[in-house]
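Observations on chain architecture
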Amino acid sequence: MNVEQDRIMKDMKMLNYIKNVIENKPSGWLNITTHRLDIYEEKLAKTEFLDQFEALFHANNSTADALNALPTAYDYIRLGHPLSCVLEWGIAQQYQLEAANVISFSSRTMPILAILRKNLFAKKNTQIFYTGELPTSFDAALIQQVYSYQFDLHPIQDLSEISAHLDKNASSILITEADAIYNFDAVFQQANAVDFFLNIQEELGSILVVNLSTKDQDTLSAENESYISEIQHVRRRESIAMTPADCFTALHAFVEQIPVTKKTLVDTSNKAGVVVSINEITGTTTKALVASSGLSIQYAILMGLVDNALENHKGKAIKFIVPPNCYGGTNDQARRVAACLDQVEVVDLPVDG
C-alpha cells in the first residue's frame, strides 16, 4: 500500500467513525449551550475531551453511553463545545494537523480581527488575500479607523497569484468562500506559503486553519503557533464558536464529503416575536440588535461607542467605567479593548453589596 492509499484508508476510517458519533451523540451536545458542568474541569477543558475522544476513536467505540461519559469540552459555546471539537478534530485529522490548529467561528469576520489584533501588538502588517467578495460586515476603512489595525487587501482570481505579492515580513491570510467549508485541499496544495487559511460560508460562519508548514518553516512554525491561543481567546471574549446546530450541519457534509446543505433551524416568526417583545418590555421603538451571546453584544456596544466618540468627540479621552469585582468576562473584555487603543482606558469602580 502506497502513502496516498494509506492516507485515504485512514481518512475513511475517521469519517466513518464521526458518522457513527453524530448518529449516537448525546442529545445535550446539540440542545444545550452550557454542557455538563458536573464533569467539567476548566484547566483541562478541550484537551481532556479530545484525549478521551481519541481513545474512543482508536478503540472504534462510538456508543451513546461512551460518548455521554466524555468530560465536558469547554463550558459555553463561545469557548467551544463537543460538536465544534469533533468538527475541528476531524478536519485536523484529514490534514495531519493538531486539533488546536483548527478553530471554528460563528462569525465570518472575527477570526480576521483576531489575527489583526495579535499583529497590532507585534507591530506587524497583515496581507489579506481573498477570492470572490469579502464578507459585507468587513468594512476595511472602518476597521482601520477604529482599531488602527494595519493590513493590505489583495483580491485574487486564482491562488497562483499569491506568490508574486507575498511579503515574508507580514502575516498572510487567505479567505475563500466555500460551500464545502471543511475542505482545504486547494489551499494546502497551491498556497502553502500562506500563514492562515479561512474558509467562510454565509450561513454557518467560518473555519480557520493556522498553517505551521509555511515558508522559512522552522521560524514561522513556532511564530504561527503563538497565534493559536490568542485567536481562541478572541473567540472566548468577543464571539462564539460555530454553534452546535451549525457544526452538526457541517459534520453531516464532512462525513459525506459533499457541499453543505443548510437547513433553516431558526423560526423567523419566533425571531421577529423576540424583537417585538424587546420593544414592548423596554418601551422603545428602536431597532433591536440580537447577538450570539452576551459578550458579543457587549463588544458590539463598546466598539460602537468608541467609533461614535472618535467621530463626534475628536481628540478626547475615552474611558470605560468597569466594576472590577463583577463578572470576569466583562472585565477582561474592557481591558482587552483598552489595551489595543491608546485613547481608551479603564476606570475601575468597585461595587459591593
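Chains are numbered independently. Their residues run from 1 in the order of the written sequence. Confidence filtering applies because this is a predicted model: local features only for residues at pLDDT of at least 70, side-chain atom pairs given and counted only at 80 or more, and all residues used for totals across whole chains, interfaces and linings. Think of the side-chain values as coming from all heavy atoms in the structure, minus any hydrogens and water.

A word on the nonpolar core
Put simply, the test is: Among the buried residues, those of types Ala, Val, Leu, Ile, Met, Phe, Trp, Tyr and Cys that are joined through side-chain atoms within 4.5 Å form a nonpolar core. Each residue gets one of three labels from its accessible area relative to the maximum for its type: buried under 20%, exposed over 50%, partly exposed in between, using a 1.4 Å probe on protein chains only. In this description a helix means any DSSP run of H or I spanning at least four residues, a strand means any run of E spanning at least two, and both kinds are numbered starting from the N terminus. Whether two residues are in contact is decided by their heavy atoms, any of which lying within 4.5 Å being enough.
Ranked by size, the top nonpolar core spans 53 residues in total, and within it Ile18, Phe49, Phe53, Ile91, Leu174, Phe184 and Phe197 carry the most contacts. When contributions to this core are tallied by element, the ones reaching two or more residues are helix H1 (3-24), helix H3 (45-58), helix H4 (64-68), helix H5 (82-94), helix H8 (185-190), strand E6 (205-210) and helix H11 (244-256). Once residues within four sequence positions are removed from consideration, Phe49 is found in contact with Trp29, Leu70, Pro71, Thr72, Ala73, Pro82, Cys85 and Val86. Ile103, Ala114, Phe151 and Val322 belong to the second largest nonpolar core, which has 44 residues in total.

Section: the sheet that holds strand E1 (residues 102-105)
Spelled out, the test is: Should DSSP find at least two bridges between two strands, the strands are taken to pair. Where helices are involved, their axes are fitted lines through C-alpha atoms of the stretch in contact, as for all axes, and angles between N-to-C directions lie from 0 to 180°.
If you walk across this open sheet you meet the 6 strands as E1-E6-E5-E4-E2-E3, and the pairing is mixed. Because the sheet does not close on itself, it has two edges, and the strands there are E1 and strand E3 (151-155). Taking each pair of neighbouring strands and ignoring which way they run, the sheet shows an average axis angle of 20°. Those strands touched by helix H6 (residues 110-122) are E1, strand E2 (126-130), E3, strand E4 (171-177), strand E5 (196-201) and E6, and its axis lies near 175° from that of E4.

A short note on empty space enclosed by the protein
For clarity, the cut-off: Here a cavity is any set of points on a 1 Å grid over the protein atoms alone where a 1.4 Å probe fits but cannot get out, and a pocket is any open set with protein on both sides within 12 Å along at least 5 of 7 lines; a residue lines the site when it has an atom within 4 Å of a point. Grid points are joined across faces, edges and corners, and a volume is the space filled by probe spheres set on the points. Just so you know the grouping, Ala, Val, Leu, Ile, Met, Phe, Trp, Tyr, Cys and Pro go in nonpolar, Asp, Glu, Lys and Arg go in charged, and all remaining residues, Gly too, go in polar.
Using the criterion set out here, one finds 1 cavity of 30 Å³ or more in the structure. By volume, the largest cavity is sized at about 80 Å³. Lining the largest cavity are Arg117, Tyr147, Tyr149, Glu238, Tyr299, Met303, Gln333, Arg336, Val337, Cys340 and Leu341. For the lining of the largest cavity, the per-class residue count stands at 7 nonpolar, 1 polar and 3 charged.

Overview of the packing of helix H10 (residues 227-238) against helix H14 (residues 328-340)
When two helices pack together, their arrangement is given by the angle between the helix axes and the distance between those axes. The test is simple: For this classification, under 35 degrees means roughly parallel, over 145 means roughly antiparallel, 65 to 115 means roughly perpendicular, and everything else is oblique. Handedness of a helix crossing follows the sense of rotation of the near helix relative to the far helix, less than a right angle counterclockwise being left-handed and clockwise being right-handed.
Packing of H10 against H14 leaves a shortest axis separation of 10 Å and a crossing angle of 120°. Viewed along their axes, H10 and H14 adopt a mutual orientation that is oblique. By crossing handedness, the relation of H10 to H14 is classed as left-handed. Within the contact between the two elements, H10 uses His233, Val234, Arg237 and Glu238 and H14 uses Gly328, Gly329, Asp332, Gln333 and Arg336. Split into classes, the residues belonging to the contact of H10 with H14 amount to 1 nonpolar, 4 polar and 4 charged.

Observations regarding the pattern of salt bridges
For clarity, the threshold we go by: The working definition used for a salt bridge is a side-chain nitrogen of Lys or Arg within 4 Å of a carboxyl oxygen of Asp or Glu.
Applying the stated criterion across every chain, the model contains 6 salt bridges. In this structure, Lys124 engages Glu223 in a salt bridge whose closest nitrogen and oxygen atoms are separated by 2.2 Å. Of this pair, Lys124 sits in the loop between H6 and E2 while Glu223 sits in helix H9 (residues 217-225), and the two are 99 residues apart along the sequence. As a salt-bridge pair, Arg336 and Glu238 come within 3.3 Å of each other at their nearest N and O atoms.

Section: helix H12 (residues 268-282)
Counted only if it meets this: Expected span, for any helix, means 1.5 Å times one less than how many residues it has.
Helix length check: H12, at 15 residues, gives a terminal C-alpha distance of 21 Å against a target of 21 Å (1.5 Å per residue), a fit within 8%. Gly283, located one to two residues past H12, shows a positive phi value of around 65°.

Looking at the pairing of E4
The test is simple: Here the term right-handed applies to a crossover when the path leading from its first strand over the helix to its second strand runs clockwise, the strands being oriented away from the viewer.
Summarising burial for E4: 6 of the 7 residues are buried, a large majority. As defined by bridge partners, E2 adjoins E4 across 5 bridges and the pair is classed as parallel. Counterpart to Gln127 in the pairing with E4 is Ser172. Following the chain from E4 across H8 to the adjacent parallel E5, one finds a crossover that is right-handed.

Regarding the pairing of E2
Every other side chain in a regular strand lies on the same face of the sheet, so the side chains alternate between the two faces. Most of E2 sits inside the fold, with 5 of its 5 residues counted as buried. Where E2 and E3 come together, 5 bridges link them in parallel fashion. When the bridges of E3 are listed, Gln127 appears paired with Asp152. Remark: the E2/helix H7 (residues 140-147)/E3 crossover connection has right-handed handedness.

Details of unusual backbone geometry
Even without being glycine, Gln96 reaches a positive phi, approximately 55°. For Gln96, the position within the fold is in the loop between H5 and E1. When its relative accessible area of 57% is taken as the criterion, Gln96 is described as exposed.

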